[in-house]
Structure formats: structure tokens, C-alpha cells
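Commentary on secondary and tertiary structure
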Amino acid sequence: MIDATHDPALQSWVDTANAEGCDFPIQNLPFGRYRVAHGAPWRIGVAIGDAVLDLGHTGLVAGADMRALLGLDPAARRALRLALSEGLRRGSARQAAWADALHPLAAVELGLPCEIGDYTDFYVGIHHATAVGKLFRPDNPLLPNYKWVPIGYHGRASTINASGHAFHRPQGQIKGADDAEPRLAPTQRLDYELELGLVVGRGNAQGRPIPIAEAEDHLFGMTLFNDWSARDFQAWEYQPLGPFLSKNFASTVSPWIVTMEALAPFRRAFERPAGDPRPLPYLDAEANRAQGAIDVGLEIWLQTAEMRRHGLPAQRIAQSNFADAAYWTPAQLVTHHSVNGCALHAGDLLGTGTLSGPRPEQAGSLLELSQGGKVPINLASGERRTFLADGDEVTLRGHCERAGARRIGFGACSARILPPHS
Ligand code: MN
């Protein structure tokens, strides 16, 4: 899996890619969609340093069809990555031709990384599931199926937005514990969920499950994902069929798909605590045990309207890690999703679920950080939050770091909350 494209010594002729801490060094090469002006056609771009390279201009692929790119077989994906790496390396003969295809990131509009087909949200964060379960069901936090079956629900792709958008605080049915009847009102418990998005590459035919040994061949890569949630709607509506309008008013995805190839140096063994059940055989494989997990450091940043007024920067309010948070691996999610014959298609998005770490301060949602809205968190501006206020902007960030490898990042996944529609 590790090849010449991962060499930490590689440098690019795009100088900003060589800077310490840059999210997009030559070892990353994530794909996304950009346009040079509003209304101009979307193009496929590769992020490099503080610039985007027009993939169409490189001559390595025909056209600007992201679905076609997602559907490449693994060997073709690796060949494309190698060609991009060679062309962007210092001293490459391609420099003169490709320099014309570079745009500063600051000068382009970044869109959804692909047209998203179907969207599923899983619930792989066991610390999140346990903490939230305690709030909703103190006696019975983790339901008995949790350690056997990857829990998920089908969401809607229609309200998944590209990073940088704003949305109005949604209205819905709310019923307080002491209320005789529900009422229709703007949510008072608006929350974020720190998640990763798995982008499906090659699909499977209906009726043909994807074996776990092949599961990652069907994944193109990963994004950051914020599954905004209205906790008051959720508490009232979630039984018996799960989340509905508490989730599908808005979601945010980061612009860049970090490929499975780029993530290769950051794999980790997948382990279960002693005494937990072993996954059923269809969800178990030697490769999945040896390196099924992925080490991704995750961060949540908050900037309130008050902070912006006073020129204060966003404040980091929690950190966690995908591998520490997740009870199931990406391969297990793909295999489980298709085990009944369900067809996955290029461009489908699988949310991981909220990725809270084991410690309370590593919570991936305000529901957990504020202990169900009971204990406000204190911000550097002197403000306090249990749930989000109008004007708040939430940004998710992610990066992979390991000795012997070049650090890579995911970019930003940001959105801002507007007051309710009047
Ligand atoms: Mn979620």
C-alpha cells in the first residue's frame, strides 16, 4: 500500500505545499470540485499547497466527470495518483505546462466534492452512543445490538451542503418533559456532530454483497462531515423509527476527498476490548484486524458572532481521533451495508456517526459536552453555550500525523447558523 507517492522527503514545485503544517502537501493529493466564477462549470481539482490544480488540464483524465473518477478501479486510481505526484514533484518536466492550470485556492469557489447520491449515517462512535444513551435512557445506555451490528439509518442527500454555507435555524415539533402537548417552534437545542464521510467509489450490483476483503476497493476516500442535529426534535420523534426531521434540515461536507491511498501510512490495528464479542465472520478479516482502523485527529472550532465583532479567532472546543472513537471500521461499514444485496453507487456518502473520544472533553457534540444542556461550556469571549446560538460558526478539521510520514490534512468543514426564517 505504501509506495513512492508517500515518501516524506518528496517536495513540490508548488512551494506552499512544502510548508510545515500544510494540509495539502504532495503526499496528500485530494480531489474536489471548484469553479473560477459563480455560474461557471464545475471542474475537478487537486489541492496542492495553497492552490488547486485543474485535473482536466493535466491530460491525465478526459473531461470533468467526478462520478467517472470515483468509479475507477484501484489500479487506475493508484496510477493517477502516481502521475500527479510525479508531475507536481520538484524538477518535473510537467511544471511549465501544469503551472498554467493552477489557481490560488483563495480565488476559486469550492463545491460539494461530488454529486452525492444516497446518504447513510452510521453510529460507530461507541463513546458517543454510550454517553447519549445515558441521557436518553439512564438504565440502558447501550442497546444490546450495538456490539453486533453496525447501526445506521438512511438520510437525505438533498440538504447536504458544501462547506462555507449558512442555514436558518430550523423549526419542528418540540415537547418538553412537562408539556401536555407538543408545539411547533424553532429548535432550542441546535447541535453539531463531528463525523467523517466515506465516499463510495466503485459500486456493487443489487443482490451482490461486497465481501470484506474487497470492501476498501469500493471506497474512494474520506471527507469531514457535520451532521447538524436538533436535539429537542430528536428526543420527541426518534422512537420507534430513528432520526427524521431532527437531522435532515442541513449537513455540511468538506470540499476535499482525501483518498484511501493517501491515508495508507496512517492505518492502525482494529481492536476490541477484551470480553467484547468478535465480529461475525462476514465482518471479520485478517487485513481488517491488522490495519482496518485509520488514525485521523479531529477538531471542533467555534466562533460566535460576538467573537467576530471583537476580532477574536475561532476557539477549539474539543478534539478526538477516529481510531479511538470508532467501534467499526470503514471496511465493515461497506460490507454490512451491502450484505443484504443493497446496491451502493459511486458518489454515495456514508457518515460514520459522531466520533467522540473516551474522555468527556473529547465529545463530538454539545449534547455530550454540556451533559444534556445542564452544564454550559465557557468560551474565551466570556460567553457560555449549552447549545448553538444564531451567528455561531462551527468548523471541523482533521489531519493525519505519524513518525516517518508527511502530515496531511482534510481542510475545513464550516457553516454558520442564521436566525429562523421570519
Ligand atoms: Mn450523525
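For the structure, check the block above.
Quick summary incoming for the structure in this document. (Residues numbered from 1 in each chain as written. Predicted model: local features only at pLDDT ≥ 70, side-chain atom pairs only at ≥ 80, totals over all residues. Heavy atoms only, no water.)

When you go through the protein residue by residue, the secondary structure sums to 10 helices and 26 strands. A compact globule built from 422 residues would reach a C-alpha radius of gyration of about 22 Å, and the protein, at 21 Å, matches this within 12%. With the principal axes as the frame, the protein shows a C-alpha extent of 75 × 55 × 40 Å. Burial analysis of the protein (422 residues in total) assigns 54% to the buried set. For the protein, restricting intrachain contacts to residue pairs at least 6 apart in sequence, the fraction spanning at least 24 positions comes to 74%. The positive charge centre, built from 39 side chains, and the negative charge centre, built from 45, are 1 Å apart in the protein. (Helix = DSSP H or I, 4+ residues; strand = E, 2+ residues; numbered from the N terminus. Rg over C-alpha atoms; globule rule 2.2 N^0.38 Å. Buried < 20%, exposed > 50% of the residue type's maximum accessible area, 1.4 Å probe, protein only. Contact = heavy atoms within 4.5 Å. Lys, Arg positive; Asp, Glu negative; His and termini not counted. Charge placed at Lys NZ, Arg CZ, Asp CG, Glu CD.)

The next subject is the sheet that holds strand S9 (residues 165-168). With mixed pairing, five strands are arranged side by side in an open sheet as S9-S26-S25-S20-S21. At either margin of the open sheet sits one strand with a lone partner, and together these are S9 and strand S21 (315-321). Each strand axis lies, on average, 20° off the axis of its neighbour in the sheet, ignoring direction. (Pairing = 2+ DSSP bridges. Axes fitted to C-alpha atoms, helices over the stretch in contact; angles between N-to-C directions.)

Core analysis: the biggest nonpolar cluster contains 69 residues, and Met222 and Trp228 have the highest contact counts within it. The leading source of residues in this core is strand S26 (residues 408-418), at five residues. (Core = buried A, V, L, I, M, F, W, Y, C linked by side-chain atoms within 4.5 Å.)

Another point: the sheet that holds strand S1 (residues 31-35). What the five strands build is an open sheet, ordered S4-S3-S2-S1-S5; its pairing is antiparallel. Strands at the two margins of the open sheet, each flanked by one partner only, are strand S4 (102-104) and strand S5 (109-110). Pairing between S1 and strand S2 (residues 43-48): four bridges, direction antiparallel. By the bridge assignment for S2, Tyr34 is matched with Arg43.

The residue after Gln239, namely Pro240, is reached through a cis peptide bond having omega 5°. Within the element layout of this structure, Pro240 appears in the loop between helix H5 (231-237) and strand S16 (251-253). A positive phi angle, close to 50°, is found at Gln371, a residue other than glycine. Structurally, Gln371 can be placed in the loop between helix H10 (366-369) and strand S23 (377-378). Residue class for Gln371 comes out partly exposed when judged on its relative accessible area of 45%.

A few words now on the pairing of S9. Here S9 shows a buried face lined by His165 and Phe167 and an unburied face lined by Ala166 and His168. Two elements, S9 and S26, share four bridges in a ladder whose sense is parallel. Bridging from a neighbouring strand, His168 pairs with Leu418 of S26.

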